[in-house]
Amino acid sequence: NAGVTQTPKFRVLKTGQSMTLLCAQDMNHEYMYWYRQDPGMGLRLIHYSVGEGTTAKGEVPDGYNVSRLKKQNFLLGLESAAPSQTSVYFCASSYPDSGRWSTDTQYFGPGTRLTVL
Amino acid sequence: TQLLEQSPQFLSIQEGENLTVYCNSSSVFSSLQWYRQEPGEGPVLLVTVVTGGEVKKLKRLTFQFGDARKDSSLHITAAQPGDTGLYLCAGDSSGTASKLTFGTGTRLQVTL
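Predicted model, so just to flag it, every value in this text is computed and none were measured. (Residues numbered from 1 in each chain as written. Chains lettered and ligands numbered in written order. Predicted model: local features only at pLDDT ≥ 70, side-chain atom pairs only at ≥ 80, totals over all residues. Heavy atoms only, no water.)

### Here's the deal with the sheet that holds strand E3 (residues 19–25) of chain A
All names here are of chain A.
Phase 1 of the analysis: Taking strand neighbours across the sheet as the criterion, the four strands line up as E1-E3-E8-E7 in an open arrangement whose pairing is antiparallel. A strand with exactly one partner marks an edge of an open sheet, and here the two such strands are strand E1 (4–7) and strand E7 (65–67). Direction aside, the axes of adjacent strands within the sheet are offset by 20° on average.
Phase 2 of the analysis: Sheet topology places E3 next to strand E8 (residues 73–78); six bridges connect them, and they run antiparallel. (Pairing = 2+ DSSP bridges. Helix = DSSP H or I, 4+ residues; strand = E, 2+ residues; numbered from the N terminus. Axes fitted to C-alpha atoms, helices over the stretch in contact; angles between N-to-C directions.)

Below, the structure written as structure tokens:
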């Protein structure tokens, strides 16, 4: 099993450009998440999904869109990149445990380092 | 927005020393998790604590959840270079994934 993979690993964008980050998991997990990590701020939840075809906003959703067309994939899109979106982006997935899925183990991908000039 | 403050932010110690990392909040959490993250990788879950006052041990690591479920600590005994990394606490307050709040992180370096 590859676990959680993210594509690409690095990307440099100019302000106003768009791009899509791809997250894939092969563990048949129901839930998937997108976080951003900035120095001194830990990880902040951007969007999440509790199943195929469903998405919801997290703590910092502005400027991002997501789609979960297939259970194994979760896409994060930036329509018009801004320097404030320079960050490391992590995808994670989890499977509900005994109905208390908030305490489930989240499995993280290796991250995508995005720089917006 | 709930905040989880970790202290210290940075810690550099020698092999064999003991250390404690703290995770504090003014909010109550139904559960709290600790993760370790190495450079260039995603966080990896170490432990989940769910009961106030709970203590869990993982080899040389001891995790405690505060009685009031607002704080937690991670104690490492006889630190080794392999313990080097970024330690993150994460709290859940409502039983939903959208409420998993991560702490600010403690970067630990253990040298020989």
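### Some points on the interface of chain B and chain A
Phase 1 of the analysis: Every contact between the two is made by 24 residues of chain B and, on the other side, 22 residues of chain A.
Phase 2 of the analysis: Summing both partners gives a buried area of about 1,700 Å² for chain B against chain A, and 58% of it is carried by carbon and sulfur.
Phase 3 of the analysis: The interface formed by chain B and chain A contains two residue pairs in polar contact (both at pLDDT 80 or more).
Phase 4 of the analysis: Elements with a contribution of two residues or more to the side of chain B that touches chain A: strand E4 (31–37), strand E5 (44–49), strand E9 (85–92) and strand E10 (100–102) of chain B.
Phase 5 of the analysis: For the side of chain B that touches chain A, the element with the most residues is E4 of chain B, which contributes four residues. (Contact = heavy atoms within 4.5 Å. Buried area = accessible area lost by both parts, 1.4 Å probe. Polar contact = N/O pair within 3.5 Å; in protein donor to acceptor, adjacent residues only side chain to side chain.)

### A word on the nonpolar core
Phase 1 of the analysis: Ranked by internal contacts, the top residues of the largest apolar core, which has 21 residues, are Leu 19, Leu 32, Trp 34, Phe 63, Leu 74, Ile 76 and Leu 108 of chain B.
Phase 2 of the analysis: Secondary structure elements with two or more residues in this core: strand E3 (19–24), E4, E5, strand E7 (61–65), strand E8 (71–76), E9 and strand E11 (106–111) of chain B.
Phase 3 of the analysis: With near-sequence residues (within four places) excluded, Leu 19 of chain B lies in contact with Leu 11, Ile 13, Leu 74, His 75, Ile 76, Ala 79 and Leu 108 of chain B.
Phase 4 of the analysis: Grouped together as the second largest cluster of nonpolar side chains are 19 residues, Met 19, Leu 21, Leu 78 and Val 116 of chain A included. (Core = buried A, V, L, I, M, F, W, Y, C linked by side-chain atoms within 4.5 Å. Buried < 20%, exposed > 50% of the residue type's maximum accessible area, 1.4 Å probe, protein only.)

### Looking at the sheet that holds strand E1 (residues 5–7) of chain B
All names here are of chain B.
Phase 1 of the analysis: The antiparallel open sheet is built from five strands, whose spatial order is E1-E3-E8-E7-E6. Each end of this open sheet is capped by a strand with a single partner; those strands are E1 and strand E6 (55–58). Pairwise comparison of adjacent strand axes, ignoring direction, gives a mean angle of 15° for this sheet.
Phase 2 of the analysis: Where E1 and E3 come together, three bridges link them in antiparallel fashion. Its bridge partner lying in E3, Gln 6 is registered against Cys 23.

### As for unusual backbone geometry
Phase 1 of the analysis: The omega torsion of the bond from Thr 7 of chain A to Pro 8 of chain A falls at -5°, within 30 degrees of zero and hence cis.
Phase 2 of the analysis: Turning to its location among the elements, Pro 8 of chain A is positioned in the loop between E1 and strand E2 (10–13).
Phase 3 of the analysis: Of note, the bond from Ser 7 of chain B into Pro 8 of chain B is cis; its omega dihedral lies within 30 degrees of zero at -5°.
Phase 4 of the analysis: Along the polypeptide, Pro 8 of chain B turns up in the loop between E1 and strand E2 (10–14).
Phase 5 of the analysis: The backbone of Asn 28 of chain A shows a phi angle near 60°, a positive value even though the residue is not glycine.
Phase 6 of the analysis: Unlike most non-glycine residues, Ala 78 of chain B shows phi in positive territory, near 50°.
Phase 7 of the analysis: Looking at the secondary structure, you find Ala 78 of chain B in the loop between E8 and E9.

### Quick notes on the state of the cysteines
Phase 1 of the analysis: All told, the structure shown has two disulfides over all chains when counted by the stated rule.
Phase 2 of the analysis: Disulfide pairing is shown between Cys 23 of chain A and Cys 91 of chain A; the S-S distance is 1.9 Å. Its S-S torsion of approximately -75° makes the covalent link between Cys 23 of chain A and Cys 91 of chain A left-handed. Of this pair, Cys 23 of chain A sits in strand E3 while Cys 91 of chain A is found in strand E9 (residues 87–94), placing the two residues 68 residues apart along the sequence. Both residues of the pair, Cys 23 of chain A and Cys 91 of chain A, count as buried.
Phase 3 of the analysis: Across a sulfur-sulfur distance of 2.1 Å, Cys 23 of chain B and Cys 89 of chain B are joined as a disulfide pair. Classification of the bridge connecting Cys 23 of chain B and Cys 89 of chain B rests on its S-S torsion, roughly 80°, and on that basis the disulfide is right-handed. (Disulfide = S-S within 2.5 Å.)

Distances and angles like these do not, on their own, reveal function.
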